Amino acid sequence: MVSTEQKGFDQVWDKALLESRVEGKVLIIDRDPDLIQAVREALKRQGQGFSAIVAKDGKSAEKLLRSEPVTLVLYNLKVPKASDIELLKYLSRSYPDVEVIAISGLGGEELQKIVGTKADIECIEKPYAIDGIVEAVKRALERQAEGGVLYHVSTGMFLQLIEMEQRTCTIRLVENSRKKRGALFFRNGILVDARSNGLRGEEAAYEIFSWDRVCLWIQNSCRTDKRKIERDLQAVILEAMRRKDEAAADDNKDQDETPEAEVIIPTEEVVESEVVARVKKRLEKETVYSNDVLDIREDTAWDSLLAQSSRIGAFFDAGELKVAYVDRGDINDYLLVPEEKTIVIAVDPKCPRDKFIKLLTQ
Amino acid sequence: MISGFTATTEAMQGLFKDILGIRGVKGIMVFTRDGKLAFKYFIDPYSFDPEQKDWWGLYVYTLDGIREAELVFEHDRLYIRRAKEGYLFVLASNEAPTPMIRLNCEILMSGDGDGGNQKGLSRFLKDKKRLG
């Protein structure tokens with residue numbers, strides 16, 4: 001089972017970097033070499049996944065935003081011109097998950113008024129100290145993971161919990177293969193918007209929900225209140241699954257129709273996952289693995305029940321869910337062990353239930 | 001809690017007297033099949049209130065088809081038992097004798113059959129339906 005960890009900045013990001021190889025880029029819109037150098041050095045100290053990229057003006061900044069995984073913009077406005085304000089508005093509108101730190105001769109309040117209060121820009125007034133800017137960058141990155149970091153989770157399962165908890169948050173996600181990234185925006189548990197790889201709204205959400213496993217980190221605020229997704233979360237998840245299945249079916253069809261395609265005969269051998277082998281070994285060791293255990297497998301179909309059960313456990317302050325025993329009134333009963341993918345142990349209904357539970361909770 | 005159901009609260013407490021008397025049992029909740037909290041009783045006052053959470057309905061919906069479930073957490077466990085007209089949730093510490101809880105729930109459910117002479121939980125849930 002996944003666990004939310006709220007640790008210090010360094011620990012959180014070190015682990016995120018280590019486990020999912022998250023990359024974060026800070027886009028500096030400025031020409032001051034001292035500032036660029038100082039921020040680059042500070043990011044180097046934070047972790048290998050962070051780096052700074054530089055845009056000399058708004059136009060090249062827009063280009064970089066489209067092609068690079070930017071998590072934060074550091075914008076030295078000097079005396080703001082109309083084009084600067086336009087760029088700030090564009091950032092707020094098109095990249096609500098990308099935080100902006102503005103360095104300006106204007107006061108923070110004044111700048112907010114010009115750009116619009118929803119823009120939520122952190123403002124550093126001039127004259128500035130390099131250390132102050134570095135601290136602001138660090139704070140902003142820390143804020144993005146203030147609600148915790150989760151590794152290798154199934155998006156659908158986790159996000160239903162966000163909906164149930166009625167949370168307002170921004171969730172940034174990276175697919176485990178590291179090729180895709182996106183952001184989801186929740187207001188009071190309602191998915192209002194999404195952004196991913198040039199897509200926005202429902203289309204972006206379908207893209208994100210088609211990812212199998214992600215690393216995600218949560219910010220306890222949401223900068224967008226415009227509802228770009230009208231359907232509820234369940235409907236979006238189901239539609240994403242439908243599209244995914246359809247795409248997989250099309251791929252298979254294409255493969256079938258290719259005459260030159262090499263025919264690969266699947267082997268009969270089913271590879272047992274390490275976790276399943278570990279659970280099996282534990283039961284075998286205690287000699288309860290006998291006729292009572294009928295099957296052990298990984299099955300994500302139970303993820304939703306376990307995720308919701310975990311939520312109830314948290315509500316009652318009962319601690320982490322260790323194991324669940326389920327009787328559906330059919331020929332088997334089931335022991336469910338929360339792991340990355342739920343481990344399902346089909347057992348004889350007459351098995352020594354308490355012995356199994358004791359073993360699996362140890 | 002569902003309004004109009006208060007009249008039967010005392011009777012419900014009486015019905016669950018045996019379960020609530022088991023060492024380690026912390027409380028009981030009864031949900032209707034459509035996920036509405038019909039009854040709750042906690043031995044120690046808790047700071048939380050189940051009624052403030054609206055995800056019970058989805059949970060009961062997810063439980064559909066499950067006759068019995070036992071969720072074992074780090075400190076406590078939740079025993080869930082399907083009744084004819086709803087679900088019974090028993091919250092207990094991990095030290096509580098779970099076979100006793102199961103047995104008492106079984107006894108309670110045995111009066112909850114399809115016959116006209118219902119003595120168990122359904123009688124109250126049916127009352128609630130009339131009241132509601």
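About the cut-offs
Residues numbered from 1 in each chain as written. Chains lettered and ligands numbered in written order. Predicted model: local features only at pLDDT ≥ 70, side-chain atom pairs only at ≥ 80, totals over all residues. Heavy atoms only, no water. Helix = DSSP H or I, 4+ residues; strand = E, 2+ residues; numbered from the N terminus. Buried < 20%, exposed > 50% of the residue type's maximum accessible area, 1.4 Å probe, protein only. Contact = heavy atoms within 4.5 Å. Core = buried A, V, L, I, M, F, W, Y, C linked by side-chain atoms within 4.5 Å. Arc of directions from axis to C-beta. Buried area = accessible area lost by both parts, 1.4 Å probe. Salt bridge = Lys/Arg side-chain N within 4 Å of Asp/Glu carboxyl O. Polar contact = N/O pair within 3.5 Å; in protein donor to acceptor, adjacent residues only side chain to side chain. Nonpolar A, V, L, I, M, F, W, Y, C, P; charged D, E, K, R; others polar. Pairing = 2+ DSSP bridges. Phe/Tyr/Trp six-rings, centres within 6.5 Å; stacked < 30°, edge-to-face > 60°. Axes fitted to C-alpha atoms, helices over the stretch in contact; angles between N-to-C directions. pLDDT = per-residue confidence, 0-100. Parallel < 35°, antiparallel > 145°, perpendicular 65-115°, else oblique. Left-handed = near helix turned anticlockwise from the far one by under 90°.

Next up on the list: the overall build of chain B. If you tally the helices and strands in chain B, you get 5 helices and 5 strands. Each helix (α) and strand (β) of chain B, taken in turn from the N terminus, gives the series α-α-β-β-α-β-β-β-α-α. Taken over 132 residues, chain B has a buried fraction of 52%. Within chain B, counting contacts between residues at least 6 apart in sequence, those at least 24 apart form 52% of the total.

Below, the discussion takes up the nonpolar core. In this structure, Phe316 and Leu336 of chain A together with Trp56, Ile80 and Phe89 of chain B are the most contacted members of the largest nonpolar core, which totals 33 residues. Among all residues touching Trp56 of chain B, those that are not within four sequence positions of it are Ile312, Phe315 and Phe316 of chain A together with Met29, Phe31, Gly35, Pro50 and Phe89 of chain B. Listed in part, the 25 residues of the second largest apolar core include Leu159, Ile162, Trp211 and Val236 of chain A.

Moving on, we come to helix H3 (residues 58-67) of chain A. Residues and elements named next belong to chain A. Every buried residue of H3 is listed here: Gly58, Ala61, Leu64 and Leu65. Mapping the buried residues of H3 onto a view down its axis gives an arc of 115 degrees, with all of them on the same face. The exposed set on the far side of H3, more than 90 degrees from its buried face, consists of Lys59, Lys63, Arg66 and Ser67.

Contacts between the two partners involve 31 residues from chain A, matched on the other side by 32 residues from chain B. Of the roughly 2,700 Å² buried at the junction of chain A and chain B (both faces included), carbon and sulfur atoms supply 65%. The largest per-residue losses of area from chain A upon contact with chain B belong to Ile312, Phe315 and Phe316 of chain A, which jointly make up 26% of the total buried on that side. One can count 4 salt bridges joining chain A with chain B. Asp354 of chain A serves as the salt-bridge partner of Arg102 of chain B, at 2.5 Å between the closest nitrogen and oxygen. Summed over the shared surface of chain A and chain B, the number is 14 residue pairs in polar contact (both at pLDDT 80 or more). Listing elements by their share of the side of chain A that touches chain B, those giving two or more residues are helix H7 (155-165), helix H11 (303-315), strand S13 (321-327) and helix H12 (353-361) of chain A. Top element by residues in the side of chain A that touches chain B is H11 of chain A. It accounts for 9 residues. Grouping the amino acids of the side of chain A that touches chain B by side-chain chemistry returns 12 nonpolar, 10 polar and 9 charged. Bridge count for S13 of chain A against strand S3 (residues 68-73) of chain B is 6 bridges, and the pairing is antiparallel. Residue pairing in the sheet places Val323 of chain A in a bridge with Val72 of chain B of S3 of chain B.

Another aspect to go through is the packing of aromatic side chains. The final tally for this structure, using the stated rule, is 11 aromatic pairs over all chains. When the ring of Phe316 of chain A is compared with that of Phe42 of chain B, the centres are 6.0 Å apart and the planes differ by 50 degrees; the resulting orientation is tilted. Pair noted here: Phe316 of chain A is in the loop between H11 and S13 and Phe42 of chain B is in strand S2 (residues 37-42), and the two residues belong to different chains. For Phe316 of chain A, a relative accessible area of 3% puts it in the buried group. With relative accessibility at 16%, the residue Phe42 of chain B sits in the buried group. Ring geometry for Phe316 of chain A against Trp56 of chain B: centres 6.2 Å apart, planes inclined by 50 degrees, an arrangement best described as tilted. Of this pair, Phe316 of chain A sits in the loop between H11 and S13 while Trp56 of chain B sits in helix H3 (residues 56-63), which puts the two residues in different chains.

What follows is about the sheet that holds S2 of chain B. Reading across from one edge, S12(A)-S15(A)-S14(A)-S13(A)-S3(B)-S4(B)-S5(B)-S1(B)-S2(B) is the order of the 9 strands in this open sheet, with antiparallel pairing throughout. If you trace the sheet from one side to the other, it starts and ends with strand S12 (293-298) of chain A together with S2 of chain B, each paired once. Across this sheet, the average inter-strand angle for adjacent strands is 15 degrees, counted without regard to direction. Pairing of S3 of chain B with strand S4 (residues 76-82) of chain B, which is carried by 5 bridges, proceeds in the antiparallel orientation. Paired with Glu68 of chain B across the bridge in S4 of chain B is Arg81 of chain B. On the sheet, H11 of chain A packs against S13 and strand S14 (333-337) of chain A together with S3 and S4 of chain B and is oriented at approximately 120 degrees with respect to S13 of chain A.

Interpreting fine coordinate detail is not advised for predicted regions of low pLDDT. Residue and element names in this part refer to chain B. In the predicted model, chain B carries a mean pLDDT of 78, and 77% of its residues have values of at least 70. Within chain B, the element-level pLDDT minimum falls on helix H5 (residues 121-131), averaging 49, and the maximum on S3, averaging 96. For residues 1-7, every residue scores under 50 in pLDDT, and the model assigns this stretch 16 contacts once sequence neighbours within four places are set aside. Within the model, pLDDT remains below 50 along residues 113-118, and this stretch shows 7 contacts once partners closer than five positions in the same chain are excluded.

Residue and element names in this part refer to chain A. Helix H5 (residues 108-115) packs onto helix H4 (residues 82-94) with a crossing angle of 75 degrees between their chain directions and a minimal axis gap of 10 Å. Taken together, the axes of H4 and H5 lie roughly perpendicular to each other. Along the contact surface, H4 presents Ile85, Leu88 and Lys89, while H5 presents Leu111, Ile114 and Val115. For the contact of H4 with H5, the class distribution of residues is 5 nonpolar, no polar and 1 charged.

Okay, the packing of H3 of chain A against H4 of chain A next. The packing of two helices is summarised by the inter-axis angle and the distance between the axes. All names here are of chain A. Direction vectors running N to C along H3 and H4 enclose 15 degrees, while the axes themselves pass 11 Å from each other. Considering the angle they form, H3 stands roughly parallel to H4. You can see that H3 and H4 cross each other, and the crossing is right-handed. Along its contact with H3, which presents Gly58, Ala61, Glu62, Leu65 and Arg66, the element H4 presents Leu87, Tyr90 and Leu91.

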